[in-house]
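Here is what each chain is made of, one letter per residue.
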Amino acid sequence: MKHVKMISPIAIIFAMAMIFPSLSAAEEEGGGEAMIAALPVSVEAWVDARAAYKSYSFDAEGVDDVNQSDVYVRYAGVGFHAEPNPHLEAQLVFLFEEFFAEPDGDNFGMDEGWLKVKYGGAYVSAGKMFPAFTYEDTDGIEDPLTWHFGDCRKTAVELGYENSYVALSAAFFNGDFDLTDDLGNPEDEAIDDYVIHARLTPMTGDDGYLLDFGFSYLSDFAETELDFGNAFFMSPVYEDPVPGYSGHAAFIAPVGSSYEFGLEAVYIASGEFDELNYVDLDGDQSSVSLMHAELSLAGDGKWWIGAGYDQISGLDWLGANEADPSLTPTRYAAWNAFAGAVIFENASVALQVAYGEDDEGDTALETYGRLLIEF
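Residues numbered from 1 in each chain as written. Predicted model: local features only at pLDDT ≥ 70, side-chain atom pairs only at ≥ 80, totals over all residues. Heavy atoms only, no water.

Asker: Help me understand the overall build of the protein, please; the structure alone is not making it clear to me.
Answerer: Helix and strand content of the protein: 5 helices and 16 strands. Counted over contacts in the protein with a minimum sequence separation of 6, partners at least 24 positions apart contribute 59%. (Helix = DSSP H or I, 4+ residues; strand = E, 2+ residues; numbered from the N terminus. Contact = heavy atoms within 4.5 Å.)

Okay, here's the thing in C-alpha cells:
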C-alpha cells in the first residue's frame, strides 16, 4: 500500500531543475533524438487498471452476504531516476491510487523523493523512501497480506552498504505514531524510530539462478502503512514501542531454456502488545503475525502462472465481529491462483482468484482482472 496525500512543491521544483536545463541544451543541438539522449534522467510510467468482484459471507443468522464489484485504476504513476555520476543518485515517483469500491478514497502525490550519495558500496540517502522492512515482490495482482503490515514509507535518513551479494542498511526517522506518558500525553517529536535490514543474494549471476534471503527489524510496529496504532489500539496510552520482525527467502531457477521457476516465502511478526493497547477478540494479550508463500512458473517472459497462500493471526481481518458481535475470529487464511500474459509490447493482462476463510467460518471470494501498461 502506498497511501499518499499531496504533491510536494519541493519535489516539483527538483524535477524541473533537473530536466529543463538538459532540454534547453538538447534543443540547441537540435532534434528530438538529441533531446532524449541529453536528458539526465530515465523516465518510467505505468497504468494498472482493474476490474474486481468480491463476495463476503458471514457465519451468522440474519447477516446478509456482501457482494461488491468495481472498475478502478489501482495505480497510475510516473518515475524519474537520475544517476549523473557514480557517486550520486536521485529518484522521484508521483503516484495516483484508486481503491476498490471507495469513491472518495483516491490519492495522488509524491510517493518517493530521495537523494543518495555513495562511494565504494557505502551510501547515505535521505528523503521520502520505503525503508526495507519486508520483501515486496509478487507475480499475482493483489498485494499479499504481508505488504499491508510490511510497507513502511517514511521521510528518513538511511546509512548502508550494498554490492551484488549483500545489502545492509539502517534507516532512522521521526515516526508518525508517537509514544506517550502514562496519561496519554504525546512525547516530544524526535527521530526515535528505525529499521535495520540485512539481505543476501549469494547466487547472483549464476546462470539465471537467484537465491535471496534477509531479515529486518522495525523499532515500532505501529509505524507501518497499515496505521496499526490508530486503527487498532484501544487506549491512547502507548509508553513502550512494540517491535516488528520480518524475514524472507526467495529462489528463482531456470527450467530448460525457456522457463523460469520461482518460489518465495515471507514472515512478519510483531512483539507482544500490552493488554492496555491491544488484545485479540478472545481477549488474549496478543501479537500479530503474517505469512505469504508463492510458487510461480514463467515462460519466455511472455506468460506466467502461479499460486499463493496468505495467513494472518491475531486479529479479525474480514471484520466479521462488526457484522455480528458473537463472531470472534483471530485467524484468517487464503489461497489464490493467478495467470498472466504479455499481449503487446509494454502491455499485459492478468487474472487472479482468491478464496479465504477465518476460524469462525466466515469466507471471502475475490476475483481480479488487470490490464497493465508500462512504458
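This is not the end of the story, as more comes after the structure.
Asker: Quick question: what am I supposed to make of the nonpolar core here?
Answerer: Burial of nonpolar side chains together is a common tendency in soluble globular proteins. Counting residues in each nonpolar core, the largest one holds 36 residues, and the members touching the most others are F149, F228, F273 and V288. Sequence-distant contacts of V288, defined by excluding residues within four places in its chain, comprise F149, F228, I268, A269, S270, F273, Y278, S313, G314 and L315. Judged by nonpolar contacts, the second largest core, of 8 residues, contains Y72, F100, I141 and A350. (Core = buried A, V, L, I, M, F, W, Y, C linked by side-chain atoms within 4.5 Å. Buried < 20%, exposed > 50% of the residue type's maximum accessible area, 1.4 Å probe, protein only.)

Asker: What am I meant to see in the environment of Y209 here?
Answerer: Positionally, Y209 belongs in the loop between β8 (193–200) and β9 (210–218). The exposure class of Y209 is partly exposed, given its relative accessible area of 32%. As a C-alpha pair, Y209 and E260 span 51 residues in sequence and 9.3 Å in three-dimensional space. Y209 has contacts with M203, F251, I252, A253 and P254, leaving out every residue within four places of it along the chain.

Asker: Would you mind going over a nonpolar patch on the surface with me for this structure?
Answerer: On the surface, a cluster of nonpolar side chains totalling about 620 Å² of accessible area is made up of V47, I343, F344, V349, L371, I373 and F375. Listing elements by their share of the nonpolar patch, those giving two or more residues are β14 (331–344) and β16 (363–374). Following the sequence through the fold, L371 ends up in strand β16. (Patch = residues over 30% accessible without salt bridge, like charges linked within 9 Å, V, L, I, M, F, W, Y side chains within 5 Å. Areas by Shrake-Rupley, 256 points an atom, 1.4 Å probe, with all protein chains shown as cover. Salt bridge = Lys/Arg side-chain N within 4 Å of Asp/Glu carboxyl O.)

Asker: Help me understand the pattern of salt bridges, please; the structure alone is not making it clear to me.
Answerer: It is possible for side chains bearing opposite charge to pair when their charged atoms get close. Summed over the entire model, instances satisfying the criterion amount to 10 salt bridges. A salt bridge links R74 to E97; its shortest N-O distance comes to 3.2 Å. Placement of R74 in strand β2 (residues 66–85) and of E97 in strand β3 (residues 88–97) is noted, with a sequence separation of 23 residues between them. In this structure, R74 and E97 share a single accessibility class: buried. Note that D111 and R153 form a salt bridge whose closest N and O atoms lie 3.5 Å from each other. A residue pair is termed long-range when its members are at least 10 positions apart, and D111 in strand β4 (residues 107–119) and R153 in the loop between α3 (145–150) and β6 (154–162) qualify at 42 residues. Take D111: its relative accessible area is 2%, and that puts it in the buried class. By relative accessible area, which is 10% here, R153 ends up buried. Taken together, the salt bridges that share partners define one network made up of D48, R50 and E142.

Asker: Looking at this structure, how should I read the pairing of β14?
Answerer: Two faces belong to every sheet, and in a regular strand the side chains alternate between them. Pairing between strand β13 (residues 303–313) and β14: 11 bridges, direction antiparallel. If you follow A307 over to β14, its bridge partner there is A337. Between β14 and strand β15 (residues 347–358), which pair antiparallel in sequence order, lie 2 residues; one of them, N346, sits at a positive phi of approximately 75 degrees. (Pairing = 2+ DSSP bridges.)

Asker: Help me out: how do you make sense of the side chain of S348 in this one?
Answerer: If you trace the backbone, S348 turns up in strand β15. Overall, S348 belongs to the buried group, its relative accessible area being 8%. In contact with S348, other than residues within four places in its own chain, are W304, A341, V342, I343, R370, L371 and L372.

Asker: Please clarify how the packing of aromatic side chains should be interpreted in this entry.
Answerer: Two measures describe an aromatic ring pair: the distance that separates the ring centres and the angle between the ring planes. Scanning the entire structure with this criterion turns up 23 aromatic pairs. Taking the centre distance of 5.4 Å and the plane angle of 70 degrees together, the rings of F228 and Y278 count as edge-to-face. Highlighted residues: F228 in helix α4 (residues 228–232) and Y278 in the loop between β11 (259–270) and β12 (289–299), separated in sequence by 50 residues. Side by side, F228 and Y278 carry an identical accessibility label, which is buried. Taking 4.7 Å as the distance between ring centres and 55 degrees as the angle between the ring planes, the aromatic pair formed by Y309 and W335 counts as tilted. Placement of Y309 in strand β13 and of W335 in strand β14 is noted, with a sequence separation of 26 residues between them. According to the relative accessible area criterion, Y309 is buried, its value standing at 15%. We classify W335 as exposed; its relative accessible area is 58%. Over the ring of Y75 we find R74; its NZ or CZ atom is 4.4 Å from the centre of that ring. (Phe/Tyr/Trp six-rings, centres within 6.5 Å; stacked < 30°, edge-to-face > 60°. Lys NZ or Arg CZ within 6 Å of the ring centre and 35° of its normal.)

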